[in-house]
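The lines below spell out each chain.
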Amino acid sequence: MATSQPIHLPMARYRLTFEGSAPLRFSDFPGSAWRGALGHALRQMACTTHLAACPACPKYRNCAYTEVFETPPPADTEKMRKYPNVPHPFVLVHRNLPPGKNGETRRCELQLTLIGRGNRHFLLVAEAVRQAACGSRGISGNRLKLIDIRREEALGANTWPQLPNPLDGTSNEIGAVEMPPCPPEASLALLSPLRVKRDGRRVQPAEFRFSDLFVTLMRRISMLTYFHTDHPLQVDFKELAETSRTVEIKSELAWKELERYSFRQETKMQMGGLVGRFSVTDERLPLFWPFLWLGQWTHAGTGATMGLGQYTLSTSGECQFPHPVKADLGAPA
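J.: Would you mind showing me how to read the layout of surface pockets here?
T.: One water molecule sets the probe size; rolling that probe over the atoms shows where empty space is left. Counted as a void, the second largest pocket has a volume near 990 Å³. Taken together, 37 residues line the second largest pocket, and the ones lying closest to its centre are Val93, Leu191, Gln310, Tyr311 and Thr312. Those elements that provide at least two residues to the lining of the second largest pocket are strand 1 (11–20), helix 1 (30–46), strand 2 (90–96), strand 3 (107–115), strand 5 (185–194), helix 6 (285–298) and strand 12 (311–314).

And the structure:
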């Protein structure tokens, strides 16, 4: 049987707080707008050749913009050689902050997770987000001022000290990740739509299996270690995948539909997926635990960088879920 292996995947999480001059108006999927604005601003700041297309640039594989946002595979890569892009080293999660005394919501928070070597570009990424938010377009039409930046003290600690002068050369060293021990049971709450496929089809609530999440998550984390760290993950992927297919779960899932507009394709796109909760009680849980724990911040499935595929883990009873599962929309026809 496969054994659990340490995963060397340093991550740092930041909370960027913004304030608008008017009440905020965001769609149900603001992560898409944040990602698009970040990419546009980051390219303007990092590009020195100003070519129309990045692949023709002599700095294509030696540029902060492409490393963070387009992330082409290295020329000598042994994996994903036929793909134009590999997993990007960032995740964005938006949330509105509570209304003020007048009942208006004027503040929001962007949680930025940088993964592996992506952390060396923190100052540039943060400044790109700041410029995008306060620019003429703003984010989804909301012009925002950056008023606070905090970094989590340690991954999963949920303590957020303020960074002094964060955009003025602050040291950005990342401490070692301390993973808690594996519990006998784990519950997962899917907070944003999880979009995964099996046999070329989107997995629906009634047919979801533990392996649908785990295999996708294992592949994502493996590729992040391969392309963004100096310690590629070495495990028996085939055996772990086969073992995960025999794990039984108890689940309460539904389908939630989201919509985003793609400026590149000039069309609206449906971005629905699974939300809800499920629990795992299995003596083989330690095999999967490192992936499940780290996956809370890498996210899983399609649209992970935009905030989709987000979940939380609970090891003491039921996961807290922000809204009733049965209130979500049913699966599409």
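Now, onward.
J.: Whenever I open this one, the sheet that holds strand 8 (residues 249–256) confuses me. Can you help?
T.: Across the sheet, four strands lie side by side as 8-11-5-12; this open sheet has antiparallel pairing. Either end of the sheet is taken by a strand with one partner, and the two such strands are strand 8 and strand 12. In this sheet, adjacent strand axes meet at a mean angle of 10° when their direction is disregarded. Strands in contact with helix 4 (residues 210–228) are strand 5, strand 8, strand 11 (273–281) and strand 12; relative to strand 11, the strand with the most contacts, it is inclined by about 100°. Helix 6 rests against strand 5, strand 11 and strand 12 of the sheet, and its axis sits at about 135° to strand 12.

J.: Please explain the pattern of salt bridges as it appears in this structure.
T.: Any two side chains of opposite charge can pair if their charged atoms end up close together. Inspection of every chain in the model, using the stated rule, returns 13 salt bridges. Between arginine 95 and glutamate 109 there is a salt bridge, and its shortest N-O distance comes to 3.0 Å. With arginine 95 in strand 2 and glutamate 109 in strand 3, this residue pair connects regions lying 14 residues apart in the sequence. Linking arginine 117 and aspartate 230 is a salt bridge whose minimum nitrogen-to-oxygen distance equals 2.8 Å. Of this pair, arginine 117 sits in the loop between strand 3 and helix 3 (122–134) while aspartate 230 sits in the loop between helix 4 and helix 5 (237–244); the two residues are 113 residues apart in sequence, bridging distant segments of the chain. Taking the relative accessible area as the measure of exposure, arginine 117 reaches 26% and is therefore partly exposed.

J.: Please clarify how helix 6 should be interpreted in this entry.
T.: For an α-helix, 3.6 residues make a turn, and residues three or four places apart therefore share a direction. With 14 residues, helix 6 extends 19 Å between its outermost C-alpha atoms, agreeing within 8% with the 20 Å of an ideal straight helix rising 1.5 Å per residue. By the criterion of burial, helix 6 is predominantly enclosed, with 13 of the 14 residues buried. Histidine 299 lies just past helix 6 and shows a positive phi near 65°.

J.: Honestly, the nonpolar core in this entry has me stumped. Any pointers?
T.: It is characteristic of soluble globular proteins that their nonpolar side chains tend to be buried jointly. Counting residues in hydrophobic clusters, the biggest one holds 44 residues, and the most contacted among them are Leu213, Phe291 and Leu292. Of all the elements in the fold, those that place two or more residues in this core are strand 2, strand 5, helix 4, helix 5, strand 8, strand 11, helix 6 and strand 12. Considering each element in turn, this core owes the most residues, nine residues, to helix 6. Those residues in contact with phenylalanine 291 that lie beyond four places of it in its chain are Ile7, Phe214, Leu217, Met218, Ile221, Leu233, Leu240 and Tyr311. Core analysis: the second largest hydrophobic core is formed by 37 residues, Phe26, Trp34, Cys54 and Ala128 among them.

Analysis parameters
Residues numbered from 1 in each chain as written. Predicted model: local features only at pLDDT ≥ 70, side-chain atom pairs only at ≥ 80, totals over all residues. Heavy atoms only, no water. 1 Å grid on protein atoms, 1.4 Å probe; cavity = no way out; pocket = protein on both sides within 12 Å on 5 of 7 lines; lining within 4 Å. Points joined across faces, edges and corners; volume = space filled by probe spheres on them. Helix = DSSP H or I, 4+ residues; strand = E, 2+ residues; numbered from the N terminus. Pairing = 2+ DSSP bridges. Axes fitted to C-alpha atoms, helices over the stretch in contact; angles between N-to-C directions. Contact = heavy atoms within 4.5 Å. Salt bridge = Lys/Arg side-chain N within 4 Å of Asp/Glu carboxyl O. Buried < 20%, exposed > 50% of the residue type's maximum accessible area, 1.4 Å probe, protein only. Expected span 1.5 Å × (residues − 1). Core = buried A, V, L, I, M, F, W, Y, C linked by side-chain atoms within 4.5 Å.

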